[in-house]
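Examination of the molecular architecture
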Amino acid sequence: MSQTDANSRADASSQTDASSQTDASGRADVDDRADANSQTDANDRADANSQTDANDRADANDHAEANDRADASSRTDASSHAGMSSHADVSGRHAWIDASAGVAGDMLLGALLDAGADLTAVQAAVDAVVPGSVLITTGEVTRAGLRARKAHVRVQADDPPHRTWASIRTMLDDAGLPVSVRDQASAVFARLAAAEARVHGVAAEDVHFHEVGALDAIADVVGVCAALHDLGITSVSASPVAVGSGHTRGAHGRLPVPVPAVTELALGWTVLAGGPGELATPTGMALIRSLAATCEDLPPTTLHAVGVGAGGRDRPDRANVVRVLIGAARATTTQDALLLEANVDDLDPRLWPGVLTGLLELGADDAWLVPILMKKGRPAHTLSVLCAPDRAPALRTFVFEHTSTLGVRESPRRKTPLDRQFVPVTVDGVRVSFKIGCHEGRIVQVMPEFEEVAALARRLGRPERVVLQEALSAAAAAGLVPGRRKPTN
Ligand SMILES: O=C([S-])c1cc(C(=O)S)c[n+]([C@@H]2O[C@H](COP(=O)(O)O)[C@@H](O)[C@H]2O)c1
Ligand code: NI
């Protein structure tokens with residue numbers, strides 16, 4: 001959701017006026033709201049569908065700009081695979097996110113759309129999850145004199161329900177999204193839910209995403225993941241994040257900035273205040289933490305594209321933008337990793353599948369069980385979790401909370417992930433995502449996402465084994481063959 005005040009968050013159903021401290025979602029409203037109102041760019045007000053809400057209109061008077069080129073998104077369903085477009089078959093690329101002025105979900109979405117992600121594909125992905133509920137449009141604005149793209153996320157539903165993390169996960173699972181988009185979006189929400197759970201002292205499954213806030217957040221998160229997919233981004237890193245300072249006011253009363261959910265999400269990342277106000281929102285921080293593998297300055301790269309996404313507020317002293325710099329895919333590198341392990345002999349076996357799924361959703365690179373024979377001849381399991389070092393604290397906590405172990409041991413490891421990318425191939429008229437692994441510029445692995453093959457087999461009423469073979473043949477016919485050069489732009 002937006003980093004800005006309730007004005008840009010308030011949906012069409014909001015009855016609150018500009019002085020209200022809480023919007024229709026019951027969510028927070030920053031203290032420097034009044035300042036934001038007077039400075040919000042008129043472009044926030046304009047969109048091609050005349051869906052401007054009253055708040056956005058109220059502060060437009062002095063700031064109208066001729067250069068608003070808002071482009072309405074179409075609601076066309078791009079394909080049977082939501083969120084895919086012709087950009088998807090480009091070779092892997094690395095995206096570096098500059099969050100040195102802060103980050104919010106809609107800012108990152110604006111930056112990716114500005115870098116060339118297809119708005120129709122993004123809208124199709126969001127529609128697949130929450131049909132007819134959110135309309136995304138964009139328009140050009142200026143922030144401290146810099147041109148930027150503002151993503152407007154307009155909630156259309158009159159009476160959206162409260163949603164738990166579990167219900168959002170089910171919606172993502174059922175949406176027919178490309179597997180990478182579904183998995184990334186799910187991982188972002190898992191992180192958000194885990195952070196809110198820790199802040200409020202409740203179980204992650206009990207965290208509620210409130211009404212409008214949930215729809216906004218779904219659109220931001222799914223939109224960002226679909227945009228990355230559309231741009232062919234295969235790896236992400238990000239700068240240190242400016243989180244802001246001061247206080248904000250909302251559903252939890254007066255909260256210190258950075259707000260508690262942001263501090264929870266930021267654990268293990270480099271942050272700085274960077275200026276007054278709520279510069280990083282929970283959704284923005286969760287996106288950075290789930291998508292970006294490393295906190296770093298811009299890595300050496302040949303730049304392909306740059307996108308600038310606007311926040312709602314325009315401050316004269318600091319451009320309120322997120323930038324995304326897209327460059328060539330990274331060469332294969334060896335990375336630090338940790339292996340967390342525990343031997344468990346007394347967990348109800350029906351709980352294990354949920355444990356493994358939960359660990360993966362929380363950011364583990366892999367999680368598995370090995371049957372062992374323990375002391376006193378007891379049949380048991382070793383739970384192994386491979387992860388990036390910064391994910392270890394949350395994963396350790398998850399293991400303690402979801403299994404019966406009394407301890408977790410860990411050992412440092414090194415791992416070499418292949419440079420990978422997703423390439424769509426048409427099989428029986430349906431696009432299936434293939435995961436392609438490349439080494440030293442050549443394809444070494446070609447495999448369709450099995451769940452998509454299984455779905456196609458169900459749809460065609462044919463055995464999975466046959467459709468899998470057909471999919472591999474289609475990939476080979478499309479030139480995706482081990483030994484060939486990796487796909488290029
Ligand atoms: O609604 C809840 S539970 C909530 C919790 C917190 C905590 O830090 S805890 C913060 N907020 C505020 O909501 C808005 C919207 O955030 P998005 O990430 O959805 O954009 C923001 O001002 C948060 O500080 C809400
Ligand atoms: Ni909260």
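Note that the coordinates shown come from a computational prediction; the quantities given were computed from them, not determined experimentally.

With 14 residues, helix 15 (residues 464-477) extends 20 Å from end C-alpha to end C-alpha; this agrees with the ideal 20 Å at 1.5 Å per step. Where helix 15 is concerned, the buried positions are Val467, Ala471, Ala474 and Ala475. Each buried residue of helix 15 sits inside an arc of 100 degrees when the element is viewed along its axis, so together they form one side. The outward face of helix 15, more than 90 degrees from its buried face, is lined by the exposed residues Arg465 and Ala477.

Looking now at the packing of aromatic side chains. Taken as a whole and assessed by the stated rule, the structure comprises zero aromatic pairs. When the ring centre of Trp165 is taken as reference, the NZ or CZ atom of Arg169 above it lies at 4.7 Å.

Using the criterion set out here, one finds 21 salt bridges in the structure. A salt bridge links Lys150 to Asp106; its shortest N-O distance comes to 3.1 Å. Taken together, the residues span a long stretch of sequence, with Lys150 in strand 5 (residues 146-155) and Asp106 in helix 5 (residues 105-114) at a distance of 44 residues.

Okay, the environment of Ala101 next. Its location among the elements puts Ala101 in the loop between strand 3 (93-98) and helix 5. Remark: the alpha-carbon pair of Ala101 and Leu272, spanning 171 residues in sequence, is separated by 9.9 Å.

The next point concerns the sheet that holds strand 17 (residues 335-344). Reading across the sheet, the four strands line up as 18-19-17-20 and stay open at both edges, with antiparallel pairing between neighbours. With partners counted over all chains shown, the strands left at the sheet margins are strand 18 (366-374) and strand 20 (409-415), one partner each. Taking each pair of neighbouring strands and ignoring which way they run, the sheet shows an average axis angle of 25 degrees. Alignment of strand 17 against strand 19 (residues 378-387), held across seven bridges, turns out to be antiparallel. In the sheet register, Glu341 faces strand 19, and the bridge partner there is Ser384. Sheet strands in contact with helix 12 (residues 352-361) are strand 17, strand 18 and strand 19, and its direction is about 140 degrees off that of strand 18.

Bringing the confidence of the model for the chain into the picture now. When pLDDT is averaged across the chain, the result is 80; 78% of the residues are at 70 or more. A low-confidence stretch, residues 4-90 (pLDDT under 50), is modelled with 229 contacts involving residues beyond four sequence positions or located in other chains.

This next bit is on the sheet that holds strand 22 (residues 430-439). The strand order across the open sheet built from three strands is 21-22-23, with neighbouring strands paired in antiparallel fashion. The open sheet is flanked by strand 21 (419-427) and strand 23 (442-448), the only strands paired with a single partner. The sheet shows a mean angle of 30 degrees between the axes of neighbouring strands, direction not considered. Bridging between strand 21 and strand 22 involves nine bridges; their strand directions are antiparallel. Residue Pro424 lies in a different strand from strand 22, and its bridge partner there is Ser433.

Close contact between helix 14 (residues 450-460) and helix 15 brings their axes to 9 Å; oriented N to C, the two are set at 115 degrees. Judged by the twist between their axes, the crossing of helix 14 over helix 15 is right-handed. Here helix 14 contributes Phe450, Val453, Ala454, Leu456, Ala457 and Leu460 to the contact with helix 15, which in turn contributes Glu464, Val467, Leu468 and Ala471. The residue makeup of the contact of helix 14 with helix 15, split by class, is nine nonpolar, no polar and one charged.

Cut-off values and rules
Residues numbered from 1 in each chain as written. Chains lettered and ligands numbered in written order. Predicted model: local features only at pLDDT ≥ 70, side-chain atom pairs only at ≥ 80, totals over all residues. Heavy atoms only, no water. Helix = DSSP H or I, 4+ residues; strand = E, 2+ residues; numbered from the N terminus. Expected span 1.5 Å × (residues − 1). Buried < 20%, exposed > 50% of the residue type's maximum accessible area, 1.4 Å probe, protein only. Arc of directions from axis to C-beta. Phe/Tyr/Trp six-rings, centres within 6.5 Å; stacked < 30°, edge-to-face > 60°. Lys NZ or Arg CZ within 6 Å of the ring centre and 35° of its normal. Salt bridge = Lys/Arg side-chain N within 4 Å of Asp/Glu carboxyl O. Pairing = 2+ DSSP bridges. Axes fitted to C-alpha atoms, helices over the stretch in contact; angles between N-to-C directions. Contact = heavy atoms within 4.5 Å. pLDDT = per-residue confidence, 0-100. Left-handed = near helix turned anticlockwise from the far one by under 90°. Nonpolar A, V, L, I, M, F, W, Y, C, P; charged D, E, K, R; others polar.

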